[in-house]
Amino acid sequence: DLYSNENKDLPEELTEKYTLTRVLGRGACGEVRLAFAKGSCEKFACKIVSKKKFSVGGNTPISMASQVMGEVKILKALKHPCIIKIEEVIDTKDVLYIVLELVDGGELFDRVVSVNQFSEPVAKLLFYQMVSAIKYLHDQNITHRDLKPENILLCGENNETLVKVTDFGLSKFVDGGSLMKTFCGTPTYLAPEILVTAGSGTYTKAIDNWSLGVILFILLSGYPPFSDERKDMDLPKQIMGGHYDFPKKYWDNISEQAIDLIKKLMTTDPKKRITINDAIQHPWFKDDEMKTKANKLMYPQADGMVPPILVWLLYTLLTNEFYCSEKIAE
Ligand SMILES: c1ccc2c(c1)[nH]c1[nH]cn[n+]12
């Protein structure tokens, strides 16, 4: 078949289970290919990560490799509807193959570009799912470190769809430390404290909250809060000084609450920045219609289920009934 030659130079432990086909996307740390599980033909996304980058003199430092596997072990244990599931990891000498859940709706980044900006209700539905996913990560003491629209995938073609956060945690190990990676990309989503301390500061969860603020800004307006087009101030200075604003032209019909949440997330002082737990309680999210939609997307099987308390009650009544009738018979 078309790909047999490409599958030829893949390791046996991968090709005995999966057939890799077209490229789905290329990240900073390798490419993602569509994979079919042999037998079931179930579809997956296989992230191919070269470990070469941070190997010293050809042999990957053991600690790094075991750290990567340690990291993956944690990520495998994560279970949240808005977090991409890791199916399995095939670790070979030079390359790491991470088999992940496949989603078909593409990246949020591309969707924002195509719709220009989302309506506030749709932006709220999508953002609420992201905040739920990051809250779950932070509750497990995991920091994503690289939140951006490219790492947020959409499950469906319509805009009111399930969101999946991907590439969490791995970036700090797999790319030879996100510090290196952090300073090689454009810092559009990068929190000021990383620029101020040139990364020597301690990574905290607060950096994820800043990135979420930048993402929300883009979802609602269609353009980024900081840009390197500005002549008077370069990007790092804009970020470190928190020099962003809400020009009426783009923000006139956006609610005060949405803008308030952006301001609280994009607070330059990480100590004053809103936490994810406070963010999810923000008044902007006090919206039952949105929450009902979000819960239907995140927990579809929960629809029309008999509430557990009723199941217990029925069970108790039935067993007691039976028990009593047995006793009476005696
Ligand atoms: C990590 C990176 C990209 C991914 C992914 C997991 N799953 C999936 N489905 C389509 N693209 N893609």
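Residues numbered from 1 in each chain as written. Predicted model: local features only at pLDDT ≥ 70, side-chain atom pairs only at ≥ 80, totals over all residues. Heavy atoms only, no water.

### Focus: the sheet that holds strand E3 (residues 43-50)
Consideration 1: Read from one edge to the other, the open sheet built from five strands follows the order E1-E2-E3-E5-E4, with strand pairing classed as antiparallel. Two strands in the sheet have a free side with no partner beyond their single neighbour: strand E1 (18-27) and strand E4 (86-91). Between one strand and the next, the sheet's axes are offset by a mean angle of 25 degrees, whatever the strand orientation.
Consideration 2: As paired strands, E3 and strand E5 (residues 95-101) are joined by seven bridges and run antiparallel to one another. Following the sheet pairing, Ile48 is matched in E5 by Tyr97. (Pairing = 2+ DSSP bridges. Helix = DSSP H or I, 4+ residues; strand = E, 2+ residues; numbered from the N terminus. Axes fitted to C-alpha atoms, helices over the stretch in contact; angles between N-to-C directions.)

### Some remarks on the confidence of the model for the chain
Consideration 1: Mean pLDDT over the chain: 86, with 83% of residues reaching 70 or higher.
Consideration 2: Residue range residues 172-176 is modelled with pLDDT below 50. Its contacts to residues more than four positions away, or to other chains, number 21 contacts.
Consideration 3: Model confidence for the complex: the whole-complex pTM is 0.83, and ipTM, which rates the interface, is 0.94. (pLDDT = per-residue confidence, 0-100. Contact = heavy atoms within 4.5 Å.)

### Some points on the packing of helix H5 (residues 120-139) against helix H14 (residues 288-298)
Consideration 1: Look at H5 against H14: their axes get within 10 Å of each other, and the N-to-C directions meet at 60 degrees. The orientation of H5 relative to H14 falls into the category oblique. Every pair of crossing elements has a handedness; the one defined by H5 and H14 is right-handed. Along the contact surface, H5 presents Lys124, Leu125, Tyr128, Gln129 and Ser132, while H14 presents Met290, Lys291, Lys293, Ala294, Leu297 and Met298.
Consideration 2: When the residues that make up the contact of H5 with H14 are grouped by side-chain class, the tally is six nonpolar, two polar and three charged. (Parallel < 35°, antiparallel > 145°, perpendicular 65-115°, else oblique. Left-handed = near helix turned anticlockwise from the far one by under 90°. Nonpolar A, V, L, I, M, F, W, Y, C, P; charged D, E, K, R; others polar.)

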